[in-house]
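Residue-level structural notes
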Amino acid sequence: MSKANTILYLDGVSVSFDGFRAINNLSLVLDKGEMRAIIGPNGAGKTTMMDIVTGKTRPDAGEVYFDGNVDLTRHDEADIAMLGIGRKFQKPTVFENHCVEDNLLLSLKGPRSILPALFSRRSTAENKRIDDIFDIIRLGHRRGDLAASLSHGQKQWLEIGMLLAQDPKLLLVDEPVAGMTDAETEETARLLKQIAETHSVIVVEHDMHFVRELGVKVTCLHEGSVLSEGSLDFVSADERVVEVYLGR
Amino acid sequence: MISQRFFAAGADRRIAITISILIGVAVIVPTLNIAVAPDSAFHVPSYLVALVGKYLCYALLALALDLVWGFCGILSLGHGAFFALGGYAMGMYLMRQIGDRGVYANPLLPDFMVFLNWKELPWFWHGFDHFWFAALMVMAVPGLLAFVFGWFAFRSRVTGVYLSIITQAMTYALLLAFFRNDMGFGGNNGLTDFKDILGFNVQANTTRSALFAASAATLALGVFVTWRIIGSRYGKLLMAVRDAESRTRFLGWRAENVKLFAFTVSAVMAGIAGALYVPQVGIINPGEFDPANSIEVVVWAAVGGRGTIVGPIIGAVLVNAGKSWFTGALPEFWLFALGGLFIAVTLFLPSGIVGMWDSWQAKRSGRKAAADAADATAVPEMAIAPAAIVRGGRPAAGAAPEPQPAE
């Protein structure tokens, strides 16, 4: 398989914790600009896969390449974030004691060393960028509020906004609609589709309605490797997927 | 009343008032001590100048701890070590100033070295006859130790209680090391019997007053620096690391560097506090490295209110004033009182005196706003919003966070 023109390239990746094989010879390729939905039962290795890509976990074996030629196993979390991979956690993780706007300010693409952070002042370009992100995530009316005061769904959007502020090439989005109302889920699907126009995106999600709404290629993981891959209709018709995940 | 205005003020005004008070104290107290006749009602006795001067050094130490504990969540149980190292650097300068006035009248060697039969000054004592060199070391030695310690600890991602334990081990190791005579720092007697500082007699009233003024002014500077750090983008980042460290990493920040900077700045502040402390108390010995001292600093910060700039200062002064009274009146009960205080604060005042005041104020203004709203209009929801505007930039415990005023 050629790595050219891929944004993410995993080949033969394995990792085990205390003898338990969380990821088992996993191969997954994402083209530039593609959005992919990943489904699978609990313990299938979805979050572990994200940990590997973002440098939190180091694989025991296999190749992990970003943007065709960057070996991600040689970099740590901060490096990988700066290379252009943004990650949203399963549980929304925002800076609760900061106002919504400061959450975005700390996420903005820019120098990441101490002295500039100590002496920098906000530039008009940064203000403009923050305004743009507020337009996308539709939280402009809450910009001065503490992030802790946001609803669960709004925190999810804020975290997506923080990802956008980083201006990554690839977004890894872990369960963006868990605990959301139907209206919020719809809104999130709209948001992700808009983001996918200009970014590569991987979405992990259990909500099949949401995955259908996204209308993208689906990969089903099971026991740490790919069980089935294709359109949602193809995957949900797959006997093995029905067996382990969807249920009869 | 000043105290009322002080507490009611917003975060920035509170800082301005604190700095003004400290500068005012730096000028007025020495004046009342030196220029006012001892029989006047306005005379400040010398023992009080020395005592409060000591408290101000403790306050600077508590502020230094709060920078890492309150704002970055690093519970250091070894900050007394940085304080003591700064104190030793100053003590070495003061020892060299004794010259040939020591008991053994050796112009080069301090008394304890003559006693140990040493023939020459150890290499690390060179340069300490110059004040500028000693002043540099006061900052460099604690800063360097904190940098090296933090470099390894934060890179290895040692956090929480494990970090607290190794900071405790660090100060204990230094305690044992400085007890040894062959370390060259005076063993368990430490450094004492000082004569001059910058050519002035350390015992003289005027010198003591000058040291008091220097302590108050340095504390004011410490408040200003901390306030600027906390208000910067780095300060926001510092609190972000405290609240969600892994999030900052996945945004591309190096959390270990963020912590390392604060830890080093904090150690330098603690070192300066120690250097101001030693000439005022006239002695530095390994007892200052005692882990219990470092824990006491944590109690001061907790009592005053961690995560606030003013809180640790109030806490340090109040607890030490209490200690001075207690150890005079009921000496054997002091440690019980301190322990009880810490438990009581943890249980009933988790955000300390300043934090409690803030939430009380928020509640009161909330009630007032609600009452005003009931009088004026039938739309209470809108008017309750100011209720939760929390003063001091931190949410009140229990109150729903609501819009904050722009700073």
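Use the structure listed above.
Basis of the calculations
- Residues numbered from 1 in each chain as written.
- Chains lettered and ligands numbered in written order.
- Predicted model: local features only at pLDDT ≥ 70, side-chain atom pairs only at ≥ 80, totals over all residues.
- Heavy atoms only, no water.
- Helix = DSSP H or I, 4+ residues; strand = E, 2+ residues; numbered from the N terminus.
- Rg over C-alpha atoms; globule rule 2.2 N^0.38 Å.
- Buried < 20%, exposed > 50% of the residue type's maximum accessible area, 1.4 Å probe, protein only.
- Contact = heavy atoms within 4.5 Å.
- Areas by Shrake-Rupley, 256 points an atom, 1.4 Å probe, with all protein chains shown as cover.
- Lys, Arg positive; Asp, Glu negative; His and termini not counted.
- Charge placed at Lys NZ, Arg CZ, Asp CG, Glu CD.
- Pairing = 2+ DSSP bridges.
- Axes fitted to C-alpha atoms, helices over the stretch in contact; angles between N-to-C directions.
- Phe/Tyr/Trp six-rings, centres within 6.5 Å; stacked < 30°, edge-to-face > 60°.
- Buried area = accessible area lost by both parts, 1.4 Å probe.
- Salt bridge = Lys/Arg side-chain N within 4 Å of Asp/Glu carboxyl O.
- Polar contact = N/O pair within 3.5 Å; in protein donor to acceptor, adjacent residues only side chain to side chain.
- Nonpolar A, V, L, I, M, F, W, Y, C, P; charged D, E, K, R; others polar.
- Right-handed = clockwise from strand over helix to strand, strands pointing away.
- Parallel < 35°, antiparallel > 145°, perpendicular 65-115°, else oblique.
- Left-handed = near helix turned anticlockwise from the far one by under 90°.

Some details on the overall build of chain A
Of the regular secondary structure elements, chain A holds ten helices and ten strands. In terms of C-alpha radius of gyration, chain A reaches 18 Å, essentially the compact-globule figure of 18 Å for 248 residues. In terms of its C-alpha atoms, chain A occupies a principal-axis envelope of roughly 55 × 40 × 35 Å. Counting all 248 residues of chain A, 56% fall into the buried class. Excluding contacts between residues fewer than 6 apart, the proportion of contacts in chain A whose partners are at least 24 apart in sequence is 67%. When the accessible surface of chain A is totalled, it reaches about 10,500 Å², and 49% of it is carbon and sulfur. Of the charged side chains in chain A, 28 are positive and 38 negative; the average position of the first set lies 4 Å away from that of the second.

A short note on the sheet that holds strand 8 (residues 200–204) of chain A
Residues and elements named next belong to chain A. The mixed open sheet is built from six strands, whose spatial order is 6-7-8-3-9-10. Both edges of this open sheet fall to strand 6 (85–88) and strand 10 (225–230), since each of them pairs with a single strand only. Each strand of the sheet is rotated relative to its neighbour by a mean of 20°, with strand direction disregarded. In the sheet, strand 6 pairs with strand 7 (residues 170–174) via four bridges, with the strands oriented parallel. In the strand pairing of strand 7, Gly-86 is matched with Leu-171. Contacts from helix 6 (residues 152–166) reach strand 6 and strand 7, with the element oriented near 170° to strand 6. The strands that helix 10 (residues 239–246) touches are strand 3 (35–39), strand 9 (217–222) and strand 10; relative to strand 10, the one it contacts most, it runs at about 120°.

Considerations on the packing of aromatic side chains
Residue and element names in this part refer to chain B. All told, the structure shown has 25 aromatic pairs over all chains when counted by the stated rule. Look at Tyr-58 and Phe-83: their rings are 6.3 Å apart centre to centre, the planes differ by 35°, and that puts the pair in the tilted class. Of this pair, Tyr-58 sits in helix 3 (residues 46–69) while Phe-83 sits in helix 4 (residues 79–98); the two residues are 25 residues apart in sequence, bridging distant segments of the chain. Relative accessible area serves as the criterion here: at 13%, Tyr-58 is assigned to the buried category.

Some remarks on the interface of chain A and chain B
Between chain A and chain B, the contact holds 40 residues from the first and 29 residues from the second. In total, chain A and chain B occlude about 3,100 Å² of area from one another, counting both sides; carbon and sulfur atoms represent 62% of this. On the chain A side of the contact with chain B, A:Phe95, A:Leu106 and A:Ile114 bury the most area, a combined 20% of that side's loss. There are six salt bridges connecting chain A and chain B. Applying the counting criterion to the chain A and chain B interface returns 15 residue pairs in polar contact (both at pLDDT 80 or more). Sorting the residues of the side of chain A that touches chain B by element identifies helix 2 (77–83), strand 6, helix 3 (100–107), helix 4 (114–119) and helix 6 of chain A as the ones contributing at least two each. Considering every element that reaches the side of chain A that touches chain B, the biggest residue donor is helix 2 of chain A, with five residues. Residue composition of the side of chain A that touches chain B, by class: 17 nonpolar, ten polar and 13 charged.

Remarks on the side chain of B:Ser76
Residue and element names in this part refer to chain B. When you line up the elements, Ser-76 lands in the loop between helix 3 and helix 4. Here the side chain of Ser-76 touches Gly-78 through a polar contact of 3.2 Å, landing on its backbone nitrogen. In this view, Ser-76 contacts Leu-65, Thr-167, Phe-263 and Val-298; residues no more than four positions away in its chain are not counted.

Topic: the pairing of strand 7 of chain A
Regular strands have side chains that alternate between both faces of the sheet. Residues and elements named next belong to chain A. Most of strand 7 is tucked away, with five of its five residues classed as buried. Burial of the side chains of strand 7 extends over both faces: Leu-170, Leu-172 and Asp-174 are buried on one face and Leu-171 and Val-173 on the other. Bridging between strand 7 and strand 8 involves five bridges; their strand directions are parallel. Residue pairing in the sheet places Leu-170 in a bridge with Ser-200 of strand 8. Considered for its hand, the β-α-β crossover made up of strand 7, helix 7 (residues 182–196) and strand 8 is right-handed.

Some thoughts on the packing of helix 3 of chain A against helix 6 of chain A
Angle between the axes and distance between the axes are the two parameters that describe a pair of packed helices. All names here are of chain A. Between helix 3 and helix 6, whose axes approach to 8 Å, the crossing angle comes to 30°. Our classification of the angle between helix 3 and helix 6 gives roughly parallel. Helix 6 is crossed by helix 3, and the crossing has right-handed handedness. In contact with Val-100, Asn-103, Leu-104 and Ser-107 of helix 3, helix 6 contributes Leu-158, Gly-161, Met-162, Ala-165 and Gln-166. Here the residues of the contact of helix 3 with helix 6 are counted per class, giving five nonpolar, four polar and no charged.

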